[in-house]
Amino acid sequence: MKNGLTFLWLLLFATQLLAQTPSPGEIAAKSQQAFSYAGRDMAARVVMTLVTASGEQRVRDMTMLRRNGVAERQKYFIYFHSPADVRGTAFLVWKDPGRDADRWLFIPALNLVQRIAARDAESSFVGSDFSYEDISGRPLAADTRRLVRDETLNGKPCHVIESIPTGRAGFTRKLAWIDRATFLPLKEEYYDAQKELSRVFTADEVREVDGVPTVVRRTMKNVKSGHRTDVVFRDVRYNIGLTEEVFTERSLRRPPPPWISVE
Amino acid sequence: MHGFVQVNYAARPDFAPSPDRDGLGDDGFVLGEERLQLKLAARSAGGAWGLLAKPELFHDAVSEQAGTNLREGYLDLAHDAWDVRIGRQIITWGVGDLVFINDVFPKDYAAFFSGRPLEYLKRGVDALDANYQSETLSAELAIVPAGFFGSDNLPPRGRFFQFDPFPALPRATAEPAARFSNTEAALRLHGTMAGTELAVYAYRGFWRAGTFAPDDSAAPTRAIRFFPRLAVFGASARRSGLGGVWSAEIGYYDSRDDPRGDDPAVENSQFRFLIAYQRQLAADFTGSIEYYGEWMQDHAAYRRTLPPGFPASREVRDLLGLRLTRLLRYQTLKLSLFAFYSPGARDCFANPEVSYQFSDRLTATFGGNIFGGPAQTFFGQLGRNDNAYLSVRSSF
């Protein structure tokens, strides 16, 4: 009788344990939610420093606005403050997973709004080590995943998730260390067509902003070329009431105050 | 304070001299100048008003003249769904790549063919431009008051070999008189429906390129450049599809001063049409193609009244355009090619270009303008103007 009870307790304990470990798909969904979809909307000043292997630096300073829509849809508005020759250039992206995003580019010198045809996975964002997909998030359905192991990274317990793209992509395999507490990716390794490590993403500083755990410093390093991109998010704000109106052609031509300061 | 300093040189391949009507001697340089542009801007905190001015100071080494220019200078006012811009401004409409149907605003073709940066193809227009945006339909109305007419800048005879209908006559220009009835107005209505960006356009004004006519047909003393009246009605559409972006545009040019097409000095009415497709071909490699045509109306009347010795234009002037752009080395090196070819007239134009960003502040561009085709055609007549150009810009 006592053995039976012990067995029942063990069984109960085991099922509790199993229930606490989410599936790889669930982990990925929560990670995407935490990293790319936090809040109903977001505004941030983003400074991207591109560093070559020899130490030469280029800086891209921009204001990024984001608004979530239904399903996985999102709209992004990015206004460039520097460098000087792209000051005033603005980007508008309407992201709809399952199809290529709609993208517009505003060229101030010509007062021209251009529609850009591009494939997200392969396009480098302003010459950095990040692609557009790295910035705005990859559709969940685009990869198959499995949980490789649980591991502690820098003192934080993580799930290590392996993702393999189902179709064409900028990588053949990705390993992601997902923080078990915040579900933010703390480190990602990208493997290329030669099955070699090509890029490494690290979340260098995670801070709580408006109660939302946010990666405020991040780096993407191209292991093969030695080039890396350091990104700092300043003045991050969530749920500030950005409307659909902000993500239109009018904003490209006239950066909407108060969200964008044209300094 | 922001702006740039730029040097810009263009020369013929063997430094062959220009027609050089100015008698200055240019050593084969089509363009040689240094330019400073300042961008002065201010905006109120809430965005209710804004000011922008782009004054320029330049030194033309070929004509040895220095000068100033106000490229843009305007006041912006905003209230609710309205934006109004008053002053000299650049307005760009339409979906063509270096072909213009409903973009009825001033152009500088001399700048483009001389190897200036692409932004100089467009000139500022002195106008009041009012924009209204709503969720479904938006409207833009641009009014150019009489007396502020801006003509296109064409390649000058002094620096460009070209067909000259009146070789012996000095030139003069007669812009539309400053009468209220000569006010220009351009309207654009646009919106998005089922994922397609749609627009309709209307313009009432003048042919901006102008035509030349002798002041007196019997005993001409001068060739006068004048600007006949024009109305344009058109539409454009743009949407993504087949992994790229499709664009289409049409326009009807109503030559109001030559309704029957029998005035040899005035362009006939014409239809213009365009279809284009743009696509990313590989990582950091974009390509686009377009097919553009101008269909002259009353072509028989045109042929009948064409003065002797003038080359005859075809009824349909068509162009295939191609653009390839490749970015390398973290987008610091840009290789691009733009080309036109006319299947009907067999003339062509090519503009290959290499651009390198030395740093965030310094960019150098090296390229060429190559004209080809039978001498009677648009690009063919410019055949002796092939040039290579260099421009270096330091931005601050």
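No experiment lies behind these values; they were computed from the predicted model shown. (Residues numbered from 1 in each chain as written. Chains lettered and ligands numbered in written order. Predicted model: local features only at pLDDT ≥ 70, side-chain atom pairs only at ≥ 80, totals over all residues.)

## Description of the overall build of chain B
Thinking step 1. Secondary structure assignment for chain B yields 2 helices and 21 strands.
Thinking step 2. Dimensions of chain B along its principal axes, counting C-alpha atoms only, are 65 × 50 × 45 Å.
Thinking step 3. Here chain B holds 396 residues, and the buried ones make up 34% of them.
Thinking step 4. By sequence separation, contacts in chain B at least 24 residues apart represent 57% of the contacts at least 6 residues apart. (Helix = DSSP H or I, 4+ residues; strand = E, 2+ residues; numbered from the N terminus. Buried ≥ 20, exposed ≤ 12 C-beta atoms within 10 Å, placed from the backbone. Contact = placed C-beta atoms within 7 Å.)

## Re the overall build of chain A
Thinking step 1. A tally of regular secondary structure across chain A gives 4 helices and 13 strands.
Thinking step 2. With respect to the three principal axes, the spread of C-alpha positions in chain A is 85 × 40 × 35 Å.
Thinking step 3. The burial tally for chain A puts 37% of its 263 residues in the buried class.

## Regarding the environment of L65 of chain A
Residues and elements named next belong to chain A.
Thinking step 1. Its place among the elements puts L65 in strand β2 (residues 57–68).
Thinking step 2. Residue L65 is classed as buried on the basis of its C-beta count, with 23 C-beta atoms lying within 10 Å.
Thinking step 3. Separated by 71 residues in the primary sequence, L65 and S136 have C-alpha atoms spaced 11 Å apart.

## Quick look at the interface of chain A and chain B
Thinking step 1. Each partner contributes to the interface: chain A provides 28 residues, whereas chain B provides 32 residues.
Thinking step 2. Of all the secondary structure elements, the ones that give two or more residues to the side of chain A that touches chain B are β2 and β6 (112–116) of chain A.
Thinking step 3. Taken together, the residues of the side of chain A that touches chain B sort by class into 12 nonpolar, 6 polar and 10 charged. (Nonpolar A, V, L, I, M, F, W, Y, C, P; charged D, E, K, R; others polar.)

## Focus on the confidence of the model for chain B
Thinking step 1. Looking at chain B as a whole, its pLDDT mean stands at 93, while 98% of the residues score no less than 70.
Thinking step 2. If you check the scores for this complex, the pTM reads 0.92 and the ipTM reads 0.93. (pLDDT = per-residue confidence, 0-100.)

## Some thoughts on the pairing of strand β9 (residues 173–179) of chain A
Residue and element names in this part refer to chain A.
Thinking step 1. Taken across its 7 residues, β9 has 5 buried, putting it largely inside the fold.
Thinking step 2. The sheet contact formed by strand β8 (residues 156–165) and β9 spans 6 bridges and is antiparallel. Paired with S163 across the bridge in β9 is K174.
Thinking step 3. By the bridge criterion, 6 bridges tie β9 to strand β10 (residues 185–191) in an arrangement that is antiparallel. Bridge assignment links K174 to a residue of β10, and that residue is Y190. (Pairing = 2+ DSSP bridges.)

## Some thoughts on the nonpolar core
Thinking step 1. Counting residues in hydrophobic clusters, the biggest one holds 22 residues, and the most contacted among them are L65, F77, I78, Y79, A90 and L92 of chain A.
Thinking step 2. Of all the secondary-structure elements, those providing two or more residues to this core are β1 (41–51), β2, β3 (74–82) and β4 (90–95) of chain A.
Thinking step 3. Setting aside chain neighbours within four positions, we find A90 of chain A in contact with F77, I78, Y79, F106, L252 and P255 of chain A.
Thinking step 4. Of all hydrophobic cores here, the second largest spans 20 residues; its members include I90, A186, A199 and F206 of chain B. (Core = buried A, V, L, I, M, F, W, Y, C linked by C-beta atoms within 7 Å.)

## What about the sheet that holds strand β11 (residues 211–214) of chain B?
All names here are of chain B.
Thinking step 1. If you trace the 3 strands from one edge of the open sheet to the other, you get β8-β12-β11, paired in mixed fashion. At either end of the open sheet lies a strand with only one pairing partner, and these are β8 (171–174) and β11. Here the average twist between neighbouring strands, direction ignored, is 35°.
Thinking step 2. Alignment of β11 against strand β12 (residues 223–226), held across 4 bridges, turns out to be antiparallel. Residue pairing in the sheet places A213 in a bridge with I224 of β12. (Axes fitted to C-alpha atoms, helices over the stretch in contact; angles between N-to-C directions.)

## A closer look at the environment of A168 of chain B
Thinking step 1. Following the sequence through the fold, A168 of chain B ends up in the loop between β7 (138–144) and β8.
Thinking step 2. A C-alpha to C-alpha distance of 52 Å links A168 of chain B and T196 of chain B, two positions 28 residues apart in sequence.

## Comments concerning helix α2 (residues 24–36) of chain A
One turn of the α-helix equals 3.6 residues, which is why residues spaced by three or four share an orientation.
All names here are of chain A.
Thinking step 1. Taking 1.5 Å of rise per residue, 13 residues should cover 18 Å, and α2 covers 18 Å from first to last C-alpha, within 8% of that figure.
Thinking step 2. Residues of α2 that are buried: I27, A28 and S31. Projected onto a plane normal to the axis of α2, the buried residues spread over an arc of 95° and lie on a single side.
Thinking step 3. Buried residues along α2 sit against β7 (143–153), β8, β9 and β10. (Expected span 1.5 Å × (residues − 1). Arc of directions from axis to C-beta.)

## A closer look at unusual backbone geometry
Residues and elements named next belong to chain A.
Thinking step 1. Cis geometry is found at the peptide bond from S82 to P83, where omega equals 10°.
Thinking step 2. Following the sequence through the fold, P83 ends up in the loop between β3 and β4.
Thinking step 3. Despite not being glycine, N154 has its phi angle at roughly 50°, a positive value.
Thinking step 4. Mapped onto the elements of the fold, N154 is located in the loop between β7 and β8.
Thinking step 5. By C-beta crowding, N154 is classed as exposed, having 11 other C-beta atoms within 10 Å.
Thinking step 6. Unlike most non-glycine residues, D235 shows phi in positive territory, near 50°.
Thinking step 7. With respect to the element layout, D235 can be found in strand β13 (residues 228–238).

## Regarding the environment of S82 of chain A
All names here are of chain A.
Thinking step 1. Along the chain, S82 falls in strand β3.
Thinking step 2. Take S82: there are 17 C-beta atoms within 10 Å of it, and that puts it in the partly exposed class.
Thinking step 3. When neighbours within four sequence positions are excluded, S82 is seen to be in contact with V59, D61 and R87.

## Thoughts on the pairing of strand β11 (residues 197–209) of chain A
Residues and elements named next belong to chain A.
Thinking step 1. Note that β10 and β11 share 5 bridges and pair antiparallel. Along β11, the bridge assignment pairs Y191 with L197.
Thinking step 2. Following β10, the chain reverses through 5 residues before pairing antiparallel with β11; K195 in that reversal takes a positive phi of roughly 65°.
Thinking step 3. In this structure, β11 lies alongside strand β12 (residues 212–222), joined through 10 bridges in antiparallel fashion. Residue pairing in the sheet places V200 in a bridge with K221 of β12.

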